[in-house]
Amino acid sequence: MTVTPDEIPMLWPCGPLAAAQRRQSEGFTPEMKTTFDRWHQPQALDLLQSSPITCLVLPWAAGLAEDKHQWQSSTALVQAALKRGLKVVGCVAEKADAARAIAAARAAGLTAAAAHGFSGSAEIPVLPWAERSHLPWDSKAPVLIATGNAWPGVQAQQGGASEAGPTGKPWVESNAWFVELARLRTPAAVWLMFDPPAGTVLRQQSYVVAVMDTEAKGGRWVLSFDDNLRRGLVEGNAAAAQTAGAVWDTLRFFAKHRDWGSMQSLALVGVLSDYSETNFELAGEVLKLTARRGLLTRPVWASQAAQRGFASLKAVVCYDEELPPPALRKRILDFVAQGNLLIAGPKWGQLGKPSPSQQHPRYNIQLYGKGRAAIAKENVVDPYEAAIDIHGLFSRANDLVRLFNTATSGGLFYAGTPDGKRALLQLVNYTAGGGRGNAAAGTPNVAVWVKRNYRAARIWTMEAAEPEPLTAVAADSGYEYHIASLPPYAAIEFEA
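Below or above, wherever it landed, is the structure these notes cover.

Cut-offs and rules
- Residues numbered from 1 in each chain as written.
- Predicted model: local features only at pLDDT ≥ 70, side-chain atom pairs only at ≥ 80, totals over all residues.
- Heavy atoms only, no water.
- Buried < 20%, exposed > 50% of the residue type's maximum accessible area, 1.4 Å probe, protein only.
- Helix = DSSP H or I, 4+ residues; strand = E, 2+ residues; numbered from the N terminus.
- Pairing = 2+ DSSP bridges.
- Right-handed = clockwise from strand over helix to strand, strands pointing away.
- Phe/Tyr/Trp six-rings, centres within 6.5 Å; stacked < 30°, edge-to-face > 60°.
- Core = buried A, V, L, I, M, F, W, Y, C linked by side-chain atoms within 4.5 Å.
- Contact = heavy atoms within 4.5 Å.
- Salt bridge = Lys/Arg side-chain N within 4 Å of Asp/Glu carboxyl O.
- Axes fitted to C-alpha atoms, helices over the stretch in contact; angles between N-to-C directions.
- Polar contact = N/O pair within 3.5 Å; in protein donor to acceptor, adjacent residues only side chain to side chain.

## Quick look at the pairing of strand β12 (residues 269–273)
- Taking burial as the measure, the five residues of β12 include five buried ones, the bulk of the element.
- In the sheet, β12 pairs with strand β13 (residues 297–301) via five bridges, with the strands oriented parallel. Bridge pairing links Val-271 to Pro-299 in β13.
- Crossover handedness for the path β12 to helix α10 (residues 277–292) to β13: right-handed.
- The pairing of β12 with strand β14 (residues 315–318) spans three bridges and is classified as parallel. Bridge pairing links Val-271 to Val-317 in β14.

Okay, here's the thing in structure tokens:
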């Protein structure tokens, strides 16, 4: 067996190595040790009988004295998993002896190992893992594993109140933008590793939102449960089983719609960057926060734009610290001259004539050919402010999608097929996950406005086995679709 891009992975914390790692980071209670010991038993695999999980990810080496014992004591679990048709990947910590751990993984019969920066040869497949701004994009491995991700959802303060940004809206964390960025750069499957927030009890819908946030753009979360849920599952707790069942159902839903992942973003605004460590955080925050405002944006790799250009875009945002290489810079200026918009940092300087009719407190608006360039007066450091400015400079008149009668904090993902015959609008309500609070039942009387006139539309939800048709109503130079109650997730399929 080999690991393929279609796997659905789950972190399987067990044995002395996982226990040792936990002791290093936080208190390790006797109850937690008992839970870990029970997950280490082959019988614990019975918990996956009704699940779509196809691959276990084991903590395999951390450079600790317990490593060797972990390899020896995991044999029964590994063999039981393989007999059930599961793949098994051993995850090697950055500071561990990768060559030794990979050799032990092969001897134990593991399907593959996951290692950081390993460049040698091995007799089993080695999947690279790295912090997400340092992934080895040119690797030939079928899977790339990214760390440094956020727990998706509305973040809460101590006491349960939602954190808010300067706009007053709840602070929403999401990894969807990174999944889209990664899938533009590599044909490999992208697995995201992130754990539930420590010291909290998560509701069922929080896990569902974490799955939706990753799967909506075609990524995979290496599923990771919190200690309370793990303990509840091995003890046969009904509420824990219900939560796991909801997660399994969500994974199956997206597996059923894998074709959605081949669709391409229809956003008209591209966030151009080399996405190096220096520029990664600001570009990523801009992508995340513009989505939160309802402005559709998409990532554009500088390394690809020089050859591919900016087809179907109307605006390019470029806040990288350094100017692009001359060939790419010329391509950007040609794009602007054709009647489009550039929003950029102060190093771009004076490109054209000042606009006599447009003023902005933070940008110099210049006319360049048939287009405009909005050049920041100072270095852009506040992504919240940048997201607001981008939407204002681009103008809401260019919106492709809008939501009405909803105050939820959501993600709008709008994509289509290359031939233009089909489109998909995914609505992810991060508030429904409650962050660390209660799940929302749904938002009533929502209107979804789209600019394009489609021949037919139908809405998919997690709760319904089949989609329901939607009827368009002409409204405000576009078309509205009225939804009686918007659930935590919905996907509207359009046919042109």
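Next comes the rest of the account.
## Considerations on the pairing of strand β25 (residues 472–475)
- For β25 and strand β26 (residues 478–486), the ladder comprises four bridges, and the chain directions are antiparallel. Note on β26: the bridge partner recorded for Ala-472 is Tyr-481.

## What to know about the packing of aromatic side chains
- Within this structure, the stated rule accounts for 22 aromatic pairs.
- Judged by centre distance (5.4 Å) and plane angle (75 degrees), the ring pair of Trp-137 and Trp-301 falls under edge-to-face. Within this pair, whereas Trp-137 is found in the loop between β5 (126–131) and β6 (143–147), its partner Trp-301 is found in strand β13, the two being separated by 164 residues in sequence.
- Under the relative-accessibility criterion, Trp-137 is labelled buried at 12%.
- On the numbers, 5.1 Å between centres and 55 degrees between planes, the contact of Phe-310 with Phe-335 is tilted. Note that Phe-310 is positioned in the loop between α11 (302–308) and β14 and Phe-335 in helix α12 (residues 326–337), a separation of 25 residues in sequence.

## Focus: the nonpolar core
- In terms of nonpolar packing, the biggest core is built from 109 residues, with Trp-12, Trp-60, Phe-178, Trp-248, Tyr-319 and Phe-494 touching the most fellow members.
- When residues in this core are grouped by element, the largest group, six residues, is from helix α5 (residues 98–108).
- Phe-178 has contacts with Arg-132, Leu-135, Trp-137, Ala-146, Asn-149, Val-190, Leu-192 and Phe-280, leaving out every residue within four places of it along the chain.
- Of all hydrophobic cores here, the second largest spans 20 residues; its members include Met-212, Ala-216, Phe-413 and Tyr-430.

## A closer look at the pattern of salt bridges
- Enumeration over the complete set of coordinates arrives at 22 salt bridges.
- Of the charged contacts in the structure, one is a salt bridge between Asp-399 and Arg-396, with a shortest N-O distance of 3.4 Å.
- Residue Asp-399 is classed as buried on the basis of its relative accessible area, which comes to 3%.
- The shortest N-O distance in the salt bridge between Arg-455 and Glu-495 comes to 2.6 Å. Here Arg-455 is found in the loop between β22 (443–450) and β23 (456–461), whereas its partner Glu-495 is found in strand β27 (residues 489–495), with 40 residues between them in sequence.
- Judged by its relative accessible area of 62%, Arg-455 is exposed.
- A single salt-bridge network, built from bridges that share partners, covers Asp-259, Arg-422, Arg-458 and Glu-493.

## Some words on the sheet that holds strand β17 (residues 363–368)
- Judged by pairing direction, the sheet is mixed, and its seven strands sit side by side in the order β13-β12-β14-β15-β18-β17-β16 without closing on themselves. Among the strands making up the open sheet, the edge pair consists of β13 and β16 (353–354).
- Strands β12, β14, β15 (341–344), β17 and β18 (371–376) of the sheet are contacted by helix α13 (residues 383–394), whose axis makes an angle of about 160 degrees with β15.

## Notes on the sheet that holds strand β1 (residues 9–11)
- Judged by pairing direction, the sheet is parallel, and its eight strands sit side by side in the order β1-β2-β3-β4-β5-β6-β9-β10 without closing on themselves. Only two strands of the sheet have a single partner each, and these edge strands are β1 and β10 (220–221).
- Across three bridges, β1 lies against strand β2 (residues 55–61) in parallel orientation. When the sheet's bridge partners are listed, Leu-11 is paired in β2 with Val-57.

## Description of helix α8 (residues 227–234)
- Among the residues of α8, Leu-229, Arg-230, Gly-232, Leu-233 and Val-234 are the ones counted as buried.
- Among the residues of α8, the N-terminal cap falls to Asp-226, whose side-chain oxygen and the backbone nitrogen of Asn-228 are separated by 2.8 Å.
- One or two positions beyond α8, positive phi appears at Gly-236, with a value near 75 degrees.

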